[in-house]
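Structure at a glance
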Amino acid sequence: MPVPRISFEFFPPKTLEASFKLWDTVRMLAPLRPEFVSVTYGAGGTTRKLTHEAVTTIGKQFDLNVAAHLTCVDATREETLAIADSYAQAGVTEIVALRGDPPKGQGGFTAHPDGFANSIELIEALAATGNFNLRVGAYPEPHPEAADSLADVRWLKRKFEAGAHSAITQFFFEAETFLRFRDACAAEGIEGQIIPGIIPIENWSGIRKFALATGASVPAWLDEAFEKATRDGREDLLATALCTELCDKLMREGVEDLHFYTLNRPTLTRDVCHALGVQPQVALENVA
């Protein structure tokens with residue numbers, strides 16, 4: 001079975017300690033030579049400046065293809081496109097275009113009076129610049145605001161029609177979840193690349209809460225497995241085995257690309273990549 005193409009997601013640091021954690025994460029994973037890495041954007045645009053700094057620094061210091069997250073939240077069209085233009089001037093050629101989450105406490109998403117109403121409008125405007133390879137989000141299980149899973153599939157189709165080049169899914173815990181979604185997308189005529197989003201389970205209780213908040217289903221067998229693993233002190237071993245098995249199942253079904261949500265905790269992601277046959281690439285100048 002061929003080695004998968006991989007990519008990683010990081011989030012920008014808000015403290016000095018978090019900065020060290022991010023750079024340690026990038027240093028550990030950069031030798032795996034991912035196709036791209038992405039840097040997230042905080043809810044309500046709270047990390048706008050931090051995201052920009054992280055994107056440009058990672059690109060320059062580690063020679064990685066960096067995709068910057070960009071959202072519609074709490075910004076005018078002009079402000080959003082100015083941010084995109086600053087990325088283009090910095091040599092960034094990839095953007096993950098998202099509607100974005102509202103600021104904490106605001107409830108549902110409310111578009112800025114002079115801003116983009118949704119992700120489709122943002123994608124169309126970014127595509128019109130001709131400056132970027134555009135990646136978008138996809139939901140293998142119904143988005144909390146979607147009527148049903150078919151609504152998500154049809155909305156994704158509109159994203160591709162608006163100019164998206166590929167989609168990255170929300171994380172999931174069972175391969176069948178992604179495979180059913182992929183089949184549904186094909187049935188609706190979607191031909192664009194859909195990359196499964198994978199989350200190595202560093203902390204089950206935290207990931208479980210995150211999953212429930214984003215609409216991802218939590219299988220009962222996972223609760224039982226981690227309860228037993230915690231008693232035995234084998235959480236990391238279980239997490240590595242489960243994530244590797246999930247990726248292996250996807251690859252056996254023809255998946256060639258995997259996007260890892262690292263949460264700036266690189267060890268499990270690195271171990272899973274190694275198990276899948278992805279090995280560090282040593283720069284020629286370092287070879288004696």
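Higher on the page you've got the structure.
Note that the structure is predicted; figures quoted are calculated from it, not measured. (Residues numbered from 1 in each chain as written. Predicted model: local features only at pLDDT ≥ 70, side-chain atom pairs only at ≥ 80, totals over all residues. Heavy atoms only, no water.)

**A word on the overall build of the chain**
So the rule is basically this: The way it works is that DSSP assigns letters per residue, a run of H or I at least four long becomes a helix, a run of E at least two long becomes a strand, and they are numbered from the N terminus. Exposure is judged per residue with a 1.4 Å probe applied to protein chains only, and the accessible area is read against the type maximum: over 50% gives exposed, under 20% gives buried, and values in between give partly exposed. By the convention used here, residues are in contact when the closest approach between their heavy atoms is within 4.5 Å. We get accessible surface area from the Shrake-Rupley algorithm with a probe of 1.4 Å; when it comes to residues, only the shown protein chains can shield them.
Each helix and strand counted, the chain has 10 helices and 8 strands in total. Within the chain, buried positions represent 49% of all 288 residues. Here the analysis covers contacts within the chain between residues at least 6 apart in sequence; of these, 79% occur between residues at least 24 apart. By element, 50% of the accessible surface of the chain is carried by carbon and sulfur atoms, the whole surface being about 14000 Å².

**Topic: the sheet that holds strand β1 (residues 5–10)**
Quick reminder of the rule: Strands qualify as paired when DSSP identifies two bridges or more between them. Where helices are involved, their axes are fitted lines through C-alpha atoms of the stretch in contact, as for all axes, and angles between N-to-C directions lie from 0 to 180°.
Pairing is parallel around the closed barrel formed by 8 strands, whose spatial order is β1-β2-β3-β4-β5-β6-β7-β8. Each adjacent strand pair in this sheet contributes to an overall mean axis angle of 30 degrees, direction not counted.

**Looking at the nonpolar core**
For clarity, the cut-off: Residues belong to one nonpolar core when they are buried, are Ala, Val, Leu, Ile, Met, Phe, Trp, Tyr or Cys, and are joined through side-chain atoms within 4.5 Å.
Leu156, Leu250 and Phe260 are the most contacted members of the largest nonpolar core, which totals 64 residues. Apart from the residues lying within four places of it in its own chain, the contact partners of Leu156 are Val136, Gly137, Ala138, Ala167, Phe181, Cys185, Ile190 and Ile194.

**Concerning the side chain of Ser119**
By the element assignment, Ser119 lies in helix α4 (residues 119–129). In contact with Ser119, not counting residues within four places along its chain, are Cys72, Leu98, Arg99, Trp155 and Lys159.

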